[in-house]
2 protein chains.
Amino acid sequence: MTGEAGNLFAALPGRRETEQITALLVNENLRIERIVSTGQASPPGFWYDQEWAEWVLLVAGSAGLLFEGEAEPRVLRPGDYLLIPAHRRHRIAWTYVDHPTVWLAVHFDDIRRA
Amino acid sequence: MTGEAGNLFAALPGRRETEQITALLVNENLRIERIVSTGQASPPGFWYDQEWAEWVLLVAGSAGLLFEGEAEPRVLRPGDYLLIPAHRRHRIAWTYVDHPTVWLAVHFDDIRRA
């Protein structure tokens, strides 16, 4: 167990079509992921609507995260974190194109429905 | 709930005697904290022995984390993460003195005993 160590910036992918998601820790109540975006955004009209809560930290790069009902995306920069409650509809409006955007996502509460 | 947002690097303390611990998210199964070290280390002979598990990410700065039974502290640099299972005895051998060391700590499993 103690060996479950690594570095968030290891083996960052180059530009690709989809986000890269890597599970760093998974148990029945919790899933911690590294997500690497390289310019992706949510498809037009698409909203995430998750059964579980997600706490997200932007570690590197930059992104715009739009909550339904808000006029403009929240611009996230390194160190910014926020809580996305279950069923709080949101979408990724944009991510930085020239450099990977690295997220740490902590999914919790009812992740068994994920 | 959606307003629970901030930046990990906001209002970093200057050098102080003790680590600064700020809870960012707390529920019954999970506690996410920002920990800022400014040169502190665990007292000589002291070992953390926690009832719950902790997943830790070093976001800025540097630190040496010693697990009992290992010959040398693991040197952690930005982006390094590791899992500390419950009851895995460990201590902080050193933290960087010239610049704050910022940790993200995710405590989970049996945190009600914390």
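Under the definition given, this model contains 8 salt bridges over all chains. Measuring nitrogen to oxygen at the nearest pair gives 2.9 Å for the salt bridge that ties Glu68 of chain A to Arg89 of chain A. With Glu68 of chain A in the loop between strand 5 (63–67) and strand 6 (74–76) and Arg89 of chain A in the loop between strand 7 (80–84) and strand 8 (90–95), this pair connects stretches of sequence that are 21 residues apart. Accessibility expressed as a relative area gives 35% for Glu68 of chain A, which makes it partly exposed. Across the pair Arg74 of chain B and Glu70 of chain B runs a salt bridge whose closest N-O atoms are separated by 2.7 Å. Judged by relative accessible area, which is 27%, Glu70 of chain B ranks as partly exposed.

All right, on to the relation of the copies chain A and chain B then. Of the transformation superimposing chain A on chain B, the axial component is 0.0 Å and the angular component is 180°, with the fit at an RMSD of 0.0 Å. The superposition operator between the copies reduces to a two-fold rotation axis. Comparing interface residues between copies, 100% of those in chain A also sit at the interface in chain B, which points to an isologous, same-surface contact.

Here the focus is the pairing of strand 3 (residues 30–37) of chain A. Residue and element names in this part refer to chain A. Taken across its 8 residues, strand 3 has 8 buried, putting it largely inside the fold. Sheet topology note: the strand 2 (residues 20–27)/strand 3 ladder contains 7 bridges and is antiparallel. Residue Val26 lies in a different strand from strand 3, and its bridge partner there is Arg31.

Here we take up the pairing of strand 5 of chain A. Residue and element names in this part refer to chain A. Most of strand 5 is tucked away: 5 of the 5 residues are buried. Burial of the side chains of strand 5 extends over both faces: Ala63, Leu65 and Phe67 are buried on one face and Gly64 and Leu66 on the other. Looking at chain direction, strand 5 and strand 6 are connected through 3 bridges and run antiparallel. The partner of Ala63 across the bridge, within strand 6, is Leu76. Linkage of strand 5 to strand 6, two consecutive antiparallel strands, is achieved through a turn of 6 residues, within which Gly69 is found at a positive phi near 95°.

Moving on, we get to the interface of chain A and chain B. With 31 residues of chain A at the contact, the number on the chain B side is 31 residues. Each partner contributes to the roughly 2800 Å² buried at the junction of chain A and chain B, and carbon and sulfur atoms together form 65% of this total. Across the chain A-chain B interface, the total number found is 0 salt bridges. The tally of links from chain A across to chain B stands at 12 residue pairs in polar contact (both at pLDDT 80 or more). Of all the elements in the fold, those that place two or more residues in the side of chain A that touches chain B are strand 1 (5–7), strand 2, strand 3, strand 4 (53–60), strand 7 and strand 9 (101–108) of chain A. With 4 residues, strand 7 of chain A is the single largest residue contributor to the side of chain A that touches chain B. Broken down by class, the residue content of the side of chain A that touches chain B amounts to 19 nonpolar, 6 polar and 6 charged. Of the strand pairs in this sheet, strand 7 of chain A and strand 1 (residues 5–7) of chain B are connected by 3 bridges, and their pairing is antiparallel. Counterpart to Leu82 of chain A in the pairing with strand 1 of chain B is Ala5 of chain B.

All right, on to the sheet that holds strand 8 of chain A then. Hydrogen bonds along the backbone pair up the strands of a sheet, which may run parallel or antiparallel. Residues and elements named next belong to chain A. The antiparallel open sheet is built from 3 strands, whose spatial order is 6-5-8. Edge positions in the open sheet fall to strand 6 and strand 8, since each of these has one partner strand only. Across the sheet, the axes of successive neighbouring strands diverge by a mean angle of 25°, strand direction being ignored. Bridge count between strand 5 and strand 8: 5 bridges; the pairing is antiparallel. Directly across from Leu65, in strand 8, lies its bridge partner Ile92.

The next point concerns the confidence of the model for chain A. Chain-level pLDDT for chain A is 92 on average; 93% of the residues reach the 70-or-more range. Across the assembled chains, the prediction reports ipTM 0.91 with pTM 0.92.

This part takes up the sheet that holds strand 4 of chain A. Read across the open sheet, the 6 strands follow the order 2(A)-3(A)-9(A)-4(A)-7(A)-1(B); overall the sheet is antiparallel. Looking along the sheet, the strands with just one partner apiece sit at the ends: strand 2 of chain A together with strand 1 of chain B. Each adjacent strand pair in this sheet contributes to an overall mean axis angle of 15°, direction not counted. For strand 3 of chain A and strand 9 of chain A, the ladder comprises 8 bridges, and the chain directions are antiparallel. Looking at the pairing, Ser37 of chain A lines up with Thr101 of chain A of strand 9 of chain A.

Scoring rules and cut-offs
- Residues numbered from 1 in each chain as written.
- Chains lettered and ligands numbered in written order.
- Predicted model: local features only at pLDDT ≥ 70, side-chain atom pairs only at ≥ 80, totals over all residues.
- Heavy atoms only, no water.
- Salt bridge = Lys/Arg side-chain N within 4 Å of Asp/Glu carboxyl O.
- Helix = DSSP H or I, 4+ residues; strand = E, 2+ residues; numbered from the N terminus.
- Buried < 20%, exposed > 50% of the residue type's maximum accessible area, 1.4 Å probe, protein only.
- Least-squares fit on C-alpha atoms with pLDDT ≥ 70 in both.
- Contact = heavy atoms within 4.5 Å.
- Pairing = 2+ DSSP bridges.
- Buried area = accessible area lost by both parts, 1.4 Å probe.
- Polar contact = N/O pair within 3.5 Å; in protein donor to acceptor, adjacent residues only side chain to side chain.
- Nonpolar A, V, L, I, M, F, W, Y, C, P; charged D, E, K, R; others polar.
- Axes fitted to C-alpha atoms, helices over the stretch in contact; angles between N-to-C directions.
- pLDDT = per-residue confidence, 0-100.

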